[in-house]
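Examining the three-dimensional arrangement
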Amino acid sequence: MIEIPLTRTDALAIWREFLPRVGRYAKDRNYVHEQHRNVSLLSTAIRHRLISEDQIIDETLNRYSFSTAEKWLQEICWRRYWKGWLERRPDVWTSWRNRVEQSTQIFSAEVLDRAAKVATGQSGVACMDALAHQLVEKGYLHNHARMWWASFWIHAEKLPWELGADFFYRHLLDADPASNTLSWRWVAGLQTFGKTYTVRLSNLEKYADDSLLQHTAGNQRIADGAFASQAQEETADLHCAERLHYPDTLTENNLRSGLWLHSEDLLPEVGPFSRWQGEAIAVQSCEIKGISGLRQKALAAVTADAVKRATEHFNLPVTRLDQHEAIQEILAWAKSNQLLEIIAFAPTIGAARDMLPSLTDALTKNNILLQFVRRRSDHDTYSYAQSGFFPYWKKMSQYLAQPTLL
Ligand SMILES: Cc1cc2nc3c(=O)[nH]c(=O)nc-3n(C[C@H](O)[C@H](O)[C@H](O)COP(=O)(O)OP(=O)(O)OC[C@H]3O[C@@H](n4cnc5c(N)ncnc54)[C@H](O)[C@@H]3O)c2cc1C
């Protein structure tokens, strides 16, 4: 059984256990073993911020030299790179969601049927089918397996990347609007234009263990050189938005204030809200419709953990809000606590951010102020993600050389 931590306590325990293995990460990380002992399995905890990247980076650099830990630090930072990149190009997310929602009008019945078959593990390439089952049953795939499967979908099956990305997004427990969408686009050749990622049997044979390699039926379809991958046509207009600026500290204004915690950042006890004093707290998971049952359970677990920690830290009533009718829920909570202001971490591109125009409208009509704060390190690290990863990493390396990020 693999263990995906869904509480802060478990995430910290896994991290303590993994830290001594960080020195071997660069050498070991690409191997896909059934138990995944060579990677951290922290992605779901990081995605909902049960544990922060800052803490991980800080503790890594306290123990290792930069050069020993560089690969590990890079992977931790890829996530923030993707987030920062998408912040500037919100249309990429919107266009992807629109195309998925309109898929029956956009794609032929033949394409949709084949997509359903491959996603239910009936492609006929047994190792790829085993990975599809693994994703649905466990809500997790190793990074290399994600790359193989996405490449198989796009380049061998010639299926639209948008539908494959949607399948991942609905099932991965760590599903993240930026990491998922942009990694799929990268495999398709849309991120680094013209550069695609091609799955090759020899690569699987080098990095996968017997639990995957025992499935050999249909392997000729992914034999090296069996298909030519092609970069896809760009589908979205890359609209480079003005970066939104949020303050990194709270403005005190003596209004009756409530803290709205959403599933983008469930760590209020560390950072700008740690000393906040107000009237009430609400915790809410914000997601698209149609996510898997396993993922719904994981969201329930991470939000329950946030409720527990917030109750202990702030000693205030903490309400769990339903994600259906999300805006009405927030409004009802605010009214019942006679709030005049709601404070929150500024959500990044994704489901929580999509709610903001309607939420702001509903609150304004009720004379309730909405105040967003962005952690300083999020603000800084997103701001470096203007073009490719390597210029970003150059800036990040200098940033990480600062004494402390916490
Ligand atoms: C097609 C595709 C879809 C993906 N979708 C997601 C997603 O929805 N959510 C998500 O968190 N990651 C996604 N990834 C990135 C990566 O596969 C996972 O973060 C990683 O496998 C999680 O396992 P881990 O925590 O054991 O990783 P570790 O190897 O232990 O890495 C530590 C942490 O670094 C970050 N990280 C590592 N690799 C990457 C990467 N390539 N890109 C971004 N962040 C990374 C994650 O936060 C991860 O928890 C995707 C990759 C591909 C190729």
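Just so it is clear, the structure is predicted and the values come from calculations on it, not from any experiment.

**Brief notes about the packing of helix H4 (residues 53-63) against helix H5 (residues 66-88)**
Look at H4 against H5: their axes get within 10 Å of each other, and the N-to-C directions meet at 175°. Considering the angle they form, H4 stands roughly antiparallel to H5. Across the interface between the two elements, Glu53, Asp54, Ile56, Ile57, Thr60 and Leu61 from H4 touch Phe66, Ala69, Trp72, Leu73, Ile76, Cys77, Arg79 and Arg80 from H5. Looking at the contact of H4 with H5, its residues break down into nine nonpolar, one polar and four charged.

**Notes on the domain arrangement of the protein**
Looking at the protein, the domain boundaries give domain 1 (8-87 + 380-400), domain 2 (92-222) and domain 3 (257-373). Each of domain 1 and domain 2 has a C-alpha centre, and these two points are 24 Å apart. The interface of domain 1 with domain 2 comprises 19 residues on the first partner and 27 residues on the second. It is Val32, Trp82 and Leu86 that lose the most area in domain 1 upon contact with domain 2, and together they represent 34% of the buried surface on that side. Summed over the shared surface of domain 1 and domain 2, the number is three salt bridges. Close ionic contact of Lys83 with Asp176 constitutes a salt bridge, the shortest N to O distance being 3.1 Å. Viewed at the interface, domain 2 and domain 1 are joined by 11 residue pairs in polar contact (both at pLDDT 80 or more). For the side of domain 1 that touches domain 2, the secondary-structure elements that each account for two or more residues are helix H3 (43-47) and H5. Per-element tally for the side of domain 1 that touches domain 2: the top contributor is H5, with five residues. Residues of the side of domain 1 that touches domain 2, tallied by class, amount to seven nonpolar, seven polar and five charged.

**A few points about empty space enclosed by the protein**
Overall, the coordinates contain two cavities of 30 Å³ or more when judged by the stated rule. Approximately 140 Å³ is the volume found for the largest cavity. Looking at the lining of the largest cavity, the elements with two or more residues in it are H5 and helix H19 (376-383). Along the lines of polarity and charge, the residues of the lining of the largest cavity split into six nonpolar, two polar and eight charged. For the lining of the largest cavity, the two domains that each supply at least three residues are domain 1 (8-87 + 380-400) and domain 3 (257-373).

Cut-offs and rules
Residues numbered from 1 in each chain as written. Predicted model: local features only at pLDDT ≥ 70, side-chain atom pairs only at ≥ 80, totals over all residues. Heavy atoms only, no water. Axes fitted to C-alpha atoms, helices over the stretch in contact; angles between N-to-C directions. Helix = DSSP H or I, 4+ residues; strand = E, 2+ residues; numbered from the N terminus. Parallel < 35°, antiparallel > 145°, perpendicular 65-115°, else oblique. Contact = heavy atoms within 4.5 Å. Nonpolar A, V, L, I, M, F, W, Y, C, P; charged D, E, K, R; others polar. Domains from an automatic or database assignment. Buried area = accessible area lost by both parts, 1.4 Å probe. Salt bridge = Lys/Arg side-chain N within 4 Å of Asp/Glu carboxyl O. Polar contact = N/O pair within 3.5 Å; in protein donor to acceptor, adjacent residues only side chain to side chain. 1 Å grid on protein atoms, 1.4 Å probe; cavity = no way out; pocket = protein on both sides within 12 Å on 5 of 7 lines; lining within 4 Å. Points joined across faces, edges and corners; volume = space filled by probe spheres on them.

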